[in-house]
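Commentary on secondary and tertiary structure
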Amino acid sequence: MTAPNMFIVYVSDAPASARFYGDLFEMSPSFESPGFIAFHLDSGVQLALWSRAEVDLAETTVRTSEVCLAVEGAPASVDALFASWKAKGVQVVAEPHDDGFGSTFVVADPDANLIRVAPVD
């Protein structure tokens, strides 16, 4: 069976977005080119940031996906991560709340791509 092994997030400036994601997730890129930067995640999966001038990244663009960080030890770990990211000045979209599956919150990257933190299933 074939399984997805890379998730691409369109951004306006790959190096700037890589600094944002690297700081947020405390990781370094595994591959870098001027417009495409990837981070190695567990199990051979990668998160890639791709500068695409032809993609409209206006804040009015409807976002239909999220990058999700599932954490153990919720809700305390979710609250602690929220406090840490908020202190970094990250744009908060939804503060911590219970969404049926547990405590969660949502922030946005500089291009308004959504990043959710939620408990491990």
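Everything in this summary refers to the structure shown in the same document. For every chain, the first residue of the written sequence is number 1, and numbering continues from 1 onward in sequence order. Given that this is a predicted model, residues contribute local features only at a pLDDT of at least 70 and side-chain atom pairs are listed and counted only at 80 or more, while totals for whole chains, interfaces and linings are drawn from all residues. As a convention, hydrogens and water are excluded, and side-chain values are obtained from all of the structure's heavy atoms.

Turning our attention to the packing of aromatic side chains. The aromatic pairing rule takes the rings of Phe, Tyr and Trp, using the six-membered ring of Trp, and pairs them if the centres are within 6.5 Å, calling planes under 30 degrees apart stacked, those over 60 edge-to-face and the rest tilted. Counted by the stated rule, this structure contains 8 aromatic pairs. Consider the rings of Y21 and F25, whose centres lie 5.8 Å apart with planes at 50°: the pair is tilted. Remark: F25 and Y21 occur in helix α1 (residues 14-25); sequence separation between them is 4 residues, near one turn of the helix. Neither residue differs from the other here; Y21 and F25 are each classed as buried. For the ring pair W85 and F105, a centre distance of 5.8 Å and an interplane angle of 85° mean the geometry is edge-to-face. Here F105 lies in strand β7 (residues 103-108) and W85 lies in helix α2 (residues 76-87), a separation of 20 residues in the sequence. Here a helix means four or more residues in a row that DSSP labels H or I, a strand means two or more in a row labelled E, and each is numbered from the N terminus. Residue burial is assigned from relative accessible area. The probe radius is 1.4 Å, only protein chains are included, and a residue is buried under 20% of its type maximum, exposed over 50%, and partly exposed in between.

Moving on: the pattern of salt bridges. In the sections that follow, a salt bridge refers to a side-chain nitrogen of Lys or Arg positioned within 4 Å of a carboxyl oxygen of Asp or Glu. For the structure on display, the rule yields 3 salt bridges. Between R116 and E66 there is a salt bridge whose closest N-O contact spans 2.8 Å. Remark: E66 occurs in strand β5 (residues 66-71) and R116 occurs in strand β8 (residues 114-119); sequence separation between them is 50 residues. Residue class for R116 comes out buried when judged on its relative accessible area of 15%.

It is worth spelling out the environment of P96 at this point. Inspection of the secondary structure assignment puts P96 in strand β6 (residues 91-98). Given the relative accessible area of 29%, P96 is considered partly exposed. Along the chain, P96 and P75 lie 21 residues apart, while their C-alpha atoms are 8.9 Å from each other. In this analysis, two residues are considered to be in contact whenever any of their non-hydrogen atoms come within 4.5 Å of each other. The residues touching P96, leaving out its near neighbours within four places in the chain, are D79, F82, S103, T104 and F105.

Of all 5 residues that make up strand β3 (residues 36-40), 4 are buried, and the element is covered over most of its length. DSSP calls a pair of strands paired once it identifies at least 2 bridges connecting them. The sheet contact formed by strand β2 (residues 31-33) and β3 spans 3 bridges and is antiparallel. The partner of F31 across the bridge, within β3, is A38. The antiparallel pairing of β2 with β3 creates a hairpin that spans 2 residues between the two strands. Relative to strand β4 (residues 46-51), β3 runs antiparallel, the two being bridged by 5 bridges. Its bridge partner being in β4, F36 is matched across the sheet by W50. The loop that links β3 with its antiparallel partner β4 comprises 5 residues; one of these, S43, has a positive phi angle of about 60°.

All right, on to the nonpolar core then. Grouping buried Ala, Val, Leu, Ile, Met, Phe, Trp, Tyr and Cys residues that are joined through side-chain atoms within 4.5 Å yields what is termed a nonpolar core. By size, the foremost hydrophobic cluster in this structure holds 24 residues, and its most contacted members are Y21, F25, W85, F105 and I115. At the level of elements, β1 (6-11), α1, β3, β4, β5, α2, β7 and β8 are the ones that each hand at least two residues to this core. Examining the composition of this core, we find that 6 residues originate from one element, α1, more than from any other. Not counting residues up to four positions away in its chain, the partners in contact with W85 are L24, F25, L69, V90, F105, V107, I115 and V117.

Another aspect to go through is the sheet that holds β5. Here we have 4 strands laid out as an open sheet, ordered β5-β8-β7-β6, and mixed in their pairing. Lying at the two open borders of the sheet, with one neighbouring strand each, are β5 and β6. Direction aside, neighbouring strands of the sheet carry axes that sit 15° apart on average. In this structure, β5 lies alongside β8, joined through 6 bridges in parallel fashion. Note on β8: the bridge partner recorded for C68 is R116. Its contacts with the sheet place α1 against β5, β7 and β8, and it is angled at close to 15° to β8. In this description, a line fitted to the C-alpha atoms serves as the axis of each element, helices being fitted only across the stretch in contact, and the angle between N-to-C directions of two axes falls anywhere from 0 to 180 degrees. In the packing of α2 onto the sheet, the strands contacted are β5, β6, β7 and β8, and the crossing angle to β7 comes to about 20°.

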